[in-house]
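So the chains spell out like this:
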Amino acid sequence: KSSLDELPQLWNVLIGDMSLVGPRPMMPNQQAHYPGVAYYAVRPGITGYWQTAGRNRTTFAARADYDAAYEQDLSLATDLKLLAQTVGVVFNGTGY
């Protein structure tokens, strides 16, 4: 619920496999069901639109929409906004 289990992912950020903000990595068996292309256009991240806007309460198709919106809105300002929202999600324990 607090998403503290994501802390080990910081190692992946440090070695360059992930960024702090971006589409959530998906399992290889999910890729065949992914209805979009935005996920493949940017580096996966620990947090992003999907994580701050609903996460497991949304559909897989909605996740693709969030990824497309992130690709379109890609900027430092967007990343800073999402990082701030993530802090709220963690402290409020609203991550499901």
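One can find the structure itself at the top, above this paragraph.
Residues numbered from 1 in each chain as written. Predicted model: local features only at pLDDT ≥ 70, side-chain atom pairs only at ≥ 80, totals over all residues. Heavy atoms only, no water.

Asks: Explain the packing of aromatic side chains to me, and be specific about the residues and the numbers.
Replies: All chains considered together, the criterion is met by five aromatic pairs. With a centroid separation of 6.0 Å and an interplanar angle of 90°, the aromatic rings of Tyr 34 and Tyr 40 are classed as edge-to-face. Seen in terms of ring centroids, Tyr 49 and Tyr 70 are 6.2 Å apart; in terms of plane orientation they differ by 80°. Their pairing is edge-to-face. With Tyr 49 in helix H3 (residues 49–53) and Tyr 70 in helix H4 (residues 60–73), this residue pair connects regions lying 21 residues apart in the sequence. Of the residues examined, Tyr 70 reaches a relative accessible area of 4% and is grouped as buried. Grouping aromatic residues by their ring pairs yields a cluster made of Tyr 34, Tyr 39, Tyr 40 and Phe 60. (Phe/Tyr/Trp six-rings, centres within 6.5 Å; stacked < 30°, edge-to-face > 60°. Helix = DSSP H or I, 4+ residues; strand = E, 2+ residues; numbered from the N terminus. Buried < 20%, exposed > 50% of the residue type's maximum accessible area, 1.4 Å probe, protein only.)

Asks: Could you give an account of the nonpolar core, with specific residues and numbers?
Replies: Listed in full, the five residues of the largest apolar core are Val 21, Val 42, Tyr 49, Tyr 70 and Leu 82. Dropping the residues within four chain positions of it, Leu 82 is found in contact with Val 21, Gly 48, Tyr 49, Thr 52 and Tyr 70. (Core = buried A, V, L, I, M, F, W, Y, C linked by side-chain atoms within 4.5 Å. Contact = heavy atoms within 4.5 Å.)

Asks: If you had to explain the environment of Glu 6 to someone new, which residues and values would you point to?
Replies: On the secondary structure map, Glu 6 appears in the segment before helix H1 (9–14). According to the relative accessible area criterion, Glu 6 is buried, its value standing at 17%. Counting along the chain gives 41 residues from Glu 6 to Thr 47, while the straight-line C-alpha distance between them is 9.4 Å. Filtering out sequence-adjacent residues up to four positions away, Glu 6 remains in contact with Arg 24 and Ile 46.

Asks: Run through a nonpolar patch on the surface, naming residues and quoting values.
Replies: Taken together, the side chains of Leu 7, Leu 10 and Leu 20 present a nonpolar region at the surface, about 250 Å² in accessible area. Take Leu 7: it is sitting in the segment before H1. (Patch = residues over 30% accessible without salt bridge, like charges linked within 9 Å, V, L, I, M, F, W, Y side chains within 5 Å. Areas by Shrake-Rupley, 256 points an atom, 1.4 Å probe, with all protein chains shown as cover. Salt bridge = Lys/Arg side-chain N within 4 Å of Asp/Glu carboxyl O.)

Asks: Can you tell me about H4, naming the residues and giving the values?
Replies: The end-to-end C-alpha distance of H4, which contains 14 residues, comes to 20 Å, matching closely the 20 Å that a straight helix rising 1.5 Å per residue would cover. Looking at H4, one finds that the buried residues are Ala 62, Arg 63, Ala 64, Asp 67 and Tyr 70. Tucked inside the fold, the buried residues of H4 contact strand E1 (19–21), helix H2 (28–31), H3 and helix H5 (76–92). (Expected span 1.5 Å × (residues − 1).)

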